[in-house]
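Spelled out, the chains give:
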Amino acid sequence: MTPIYLFALLGSLIVPLLFSIFRIDFIKKWRNFTISTIAISIPFLIWDVFFTHYDVWGFNETYCIGFYLFKIPLEEMLFFLVIPFCSLFTHFAFFYAFPNIRLTHKTTIYLTIALLILSAFLVVTNLSKAYTAVNYSFLFITLLLGLIYGQKQLQQFYISFLIILIPFFIVNGILTGVITETPIVWYNNLENLGIRLITIPVEDIGYAFSMLFGNLLIFEKLNKQGVKQ
C-alpha cells in the first residue's frame, strides 16, 4: 500500500501556503466555509456513492490507506474538504492581490448563457452516459443559480477558475494515472464522453466548476447574512 491519494491531497495544501503571504479574511470565516462545504459535499458524496456502486468510477485500493465507507475511501471524503479549501483560498488570494480584475457584466451573462446551452445539449444528447448526463445537469443547475443569484461572483470566478484549474489538473492527473501504472481513480468510459485531457475525463472540468462555484456561492451568501446581522 502506497497512499498516493492522501499524499496528493496533502500536496494540494502547498497552494494556499504559497498564497499565505496575503493576509486575507477567508481563514477567519471558517464557520461559513465549513457550512458551505458540507452543504455542497452532501449531494456530491451521494453522487459518489451511487457511481461507485454502479461502477461508473472506482478506486484502486493499492493507493489508499484502506478505510472505506460505502465503498468510498477516506481520501475521497477528504477531497471534498481539502480541494474546496485550497481552491477558494486561491480565489480570494488572487482577488486580494488584483481586486479590480473581473469580466464585464455583459460578457458574464453571454458566457453563462452559452455554457447553459452547451450543458443542456450535452445532457440531452448523452442521457445514456451516467457521468456525462449527471455532471452537466449539475453544471446547468449551478450556472443557472449563478445567473440568478451570483452574477458578481461569476464575474470573478470565471477568471480565478482558470488559475484554480492548474493545481486541480495536477492533482487529478495524479489520481487518473499520470504517475502510476494504474489509475488511483478509474472511470468507466462507457459512462462518459471518452474525451481525456491527458488522463483526465473532460467532464471533470464541469465537475470542478459545479463543486467549487456552488461552494463559493453559498459561502458568499452566508457572509452577507452575517454582515446584516
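Residues numbered from 1 in each chain as written. Predicted model: local features only at pLDDT ≥ 70, side-chain atom pairs only at ≥ 80, totals over all residues. Heavy atoms only, no water.

1. Examining the environment of Tyr 187
Phase 1 of the analysis: Secondary-structure assignment places Tyr 187 in strand β4 (residues 185–187).
Phase 2 of the analysis: Considering only alpha carbons, one finds Tyr 187 and Ile 200, 13 residues apart in sequence, at a separation of 9.4 Å.
Phase 3 of the analysis: Once residues within four sequence positions are removed from consideration, Tyr 187 is found in contact with Val 56, Trp 57, Tyr 131, Thr 176, Asn 192, Arg 196, Pro 201 and Asp 204.
Phase 4 of the analysis: Engagement of the side chain of Tyr 187 in a polar contact is seen with the side chain of Asp 204, the distance being 3.1 Å. (Helix = DSSP H or I, 4+ residues; strand = E, 2+ residues; numbered from the N terminus. Contact = heavy atoms within 4.5 Å. Polar contact = N/O pair within 3.5 Å; in protein donor to acceptor, adjacent residues only side chain to side chain.)

2. Details of the environment of His 91
Phase 1 of the analysis: By the element assignment, His 91 lies in helix α4 (residues 74–97).
Phase 2 of the analysis: Separated by 68 residues in the primary sequence, His 91 and Ile 159 have C-alpha atoms spaced 9.0 Å apart.

3. A word on a nonpolar patch on the surface
Phase 1 of the analysis: The grouping of Ile 38, Ile 42, Ile 46, Phe 50 and Tyr 54 at the surface amounts to a nonpolar patch, some 540 Å² of accessible area in total.
Phase 2 of the analysis: Note on placement: Tyr 54 falls in the loop between α3 (30–53) and β1 (57–59).
Phase 3 of the analysis: On the basis of relative accessible area, Tyr 54 is assigned to the exposed category, the value being 57%. (Patch = residues over 30% accessible without salt bridge, like charges linked within 9 Å, V, L, I, M, F, W, Y side chains within 5 Å. Areas by Shrake-Rupley, 256 points an atom, 1.4 Å probe, with all protein chains shown as cover. Salt bridge = Lys/Arg side-chain N within 4 Å of Asp/Glu carboxyl O. Buried < 20%, exposed > 50% of the residue type's maximum accessible area, 1.4 Å probe, protein only.)

4. Quick word on unusual backbone geometry
Phase 1 of the analysis: Despite not being glycine, Asp 55 has its phi angle at roughly 60°, a positive value.
Phase 2 of the analysis: On the secondary structure map, Asp 55 appears in the loop between α3 and β1.
Phase 3 of the analysis: The phi angle at Phe 70 is positive, at roughly 55°, despite the residue not being glycine.
Phase 4 of the analysis: Of note, Phe 70 is situated in the loop between β2 (68–69) and β3 (72–73).
Phase 5 of the analysis: When its relative accessible area of 62% is taken as the criterion, Phe 70 is described as exposed.

5. Focus on the nonpolar core
Phase 1 of the analysis: Grouped together as the largest cluster of nonpolar side chains are 54 residues, with contacts concentrated most on Tyr 5, Phe 79, Tyr 207, Phe 209 and Met 211.
Phase 2 of the analysis: For this core, the element with the highest residue contribution is helix α7 (residues 151–175), accounting for 10 residues.
Phase 3 of the analysis: Beyond its immediate chain neighbours, meaning those up to four positions away, Phe 209 contacts Leu 139, Leu 143, Leu 154, Phe 157, Tyr 158, Phe 161 and Gly 214. (Core = buried A, V, L, I, M, F, W, Y, C linked by side-chain atoms within 4.5 Å.)

6. Digging into the packing of helix α6 (residues 130–149) against α7
Phase 1 of the analysis: Following both chains from N to C, one finds α6 and α7 inclined at 120°, their axes separated by 6 Å at the closest point. By the angle class used here, α6 and α7 are oblique. Contact with α6, carried on its side by Leu 143, Gly 146, Leu 147 and Tyr 149, involves Gln 151, Gln 153, Leu 154 and Tyr 158 of α7 and no other residues of that element.
Phase 2 of the analysis: Here the contact of α6 with α7 is built from residues that sort into five nonpolar, three polar and no charged. (Axes fitted to C-alpha atoms, helices over the stretch in contact; angles between N-to-C directions. Parallel < 35°, antiparallel > 145°, perpendicular 65-115°, else oblique. Nonpolar A, V, L, I, M, F, W, Y, C, P; charged D, E, K, R; others polar.)

7. Considering α3
Phase 1 of the analysis: End to end, α3 covers 33 Å across 24 residues, agreeing with the expected 34 Å (1.5 Å per residue, within 8%).
Phase 2 of the analysis: Inspection of α3 places Asn 32, Phe 33, Ser 36, Thr 37, Ile 40, Ser 41, Phe 44, Trp 47, Asp 48, Phe 51 and Thr 52 among the buried residues, and these make up the whole buried set.
Phase 3 of the analysis: Just beyond α3, the residue with positive phi is Asp 55, at close to 60°. (Expected span 1.5 Å × (residues − 1).)

8. Some points on the side chain of Gln 156
Phase 1 of the analysis: Inspection of the secondary structure assignment puts Gln 156 in helix α7.
Phase 2 of the analysis: Classification of Gln 156 as buried rests on a relative accessible area of 16%.

9. Comments concerning the packing of α4 against α7
Packed helices, taken two at a time, are described by the angle between their axes plus the distance between the axes.
Phase 1 of the analysis: Two elements in contact, α4 and α7, have axes separated by 9 Å at closest approach and are oriented at 140°. When the axis of α4 is compared with that of α7, the two are oblique. The chirality of how α4 crosses α7 is right-handed. Residue-level contacts link Phe 79, Ile 83, Ser 87, Thr 90, His 91, Phe 94 and Phe 95 of α4 to Gln 156, Phe 157, Ile 159, Ser 160, Ile 163, Ile 164, Phe 168, Asn 172 and Leu 175 of α7.
Phase 2 of the analysis: Class assignment for the residues of the contact of α4 with α7 results in 10 nonpolar, six polar and no charged. (Left-handed = near helix turned anticlockwise from the far one by under 90°.)

10. Re the packing of aromatic side chains
Ring pairs (aromatic) are described by centroid distance and by the angle formed between their planes.
Phase 1 of the analysis: If you walk through the whole model with that rule in mind, you get 28 aromatic pairs.
Phase 2 of the analysis: Ring geometry for Phe 157 versus Phe 209: centroids 5.2 Å apart, planes at 70°, classification edge-to-face. With Phe 157 in helix α7 and Phe 209 in helix α8 (residues 203–228), this residue pair connects regions lying 52 residues apart in the sequence.
Phase 3 of the analysis: Through successive ring pairs, a cluster of aromatic residues spans Phe 44, Trp 47, Phe 51, Trp 57, Phe 79, Phe 80, Tyr 131, Phe 138, Tyr 187 and Tyr 207. (Phe/Tyr/Trp six-rings, centres within 6.5 Å; stacked < 30°, edge-to-face > 60°.)

11. Considerations on empty space enclosed by the protein
Phase 1 of the analysis: Inspection of every chain in the model, using the stated rule, returns two cavities of 30 Å³ or more.
Phase 2 of the analysis: Size it by volume and the largest cavity reaches roughly 170 Å³.
Phase 3 of the analysis: Forming the boundary of the largest cavity are 14 residues, of which Glu 76, Phe 79, Val 185, Tyr 187 and Tyr 207 lie nearest the centre.
Phase 4 of the analysis: Of all the elements in the fold, those that place two or more residues in the lining of the largest cavity are β1, α4, α7, β4 and α8.
Phase 5 of the analysis: Considering each element in turn, the lining of the largest cavity owes the most residues, three residues, to α7.
Phase 6 of the analysis: Residues belonging to the lining of the largest cavity are distributed by class as follows: 10 nonpolar, one polar and three charged.
Phase 7 of the analysis: As for the second largest cavity, its lining consists of 10 residues, of which Ile 83, Cys 86, Ser 87, Pro 167 and Phe 168 are closest to the centre. (1 Å grid on protein atoms, 1.4 Å probe; cavity = no way out; pocket = protein on both sides within 12 Å on 5 of 7 lines; lining within 4 Å. Points joined across faces, edges and corners; volume = space filled by probe spheres on them.)

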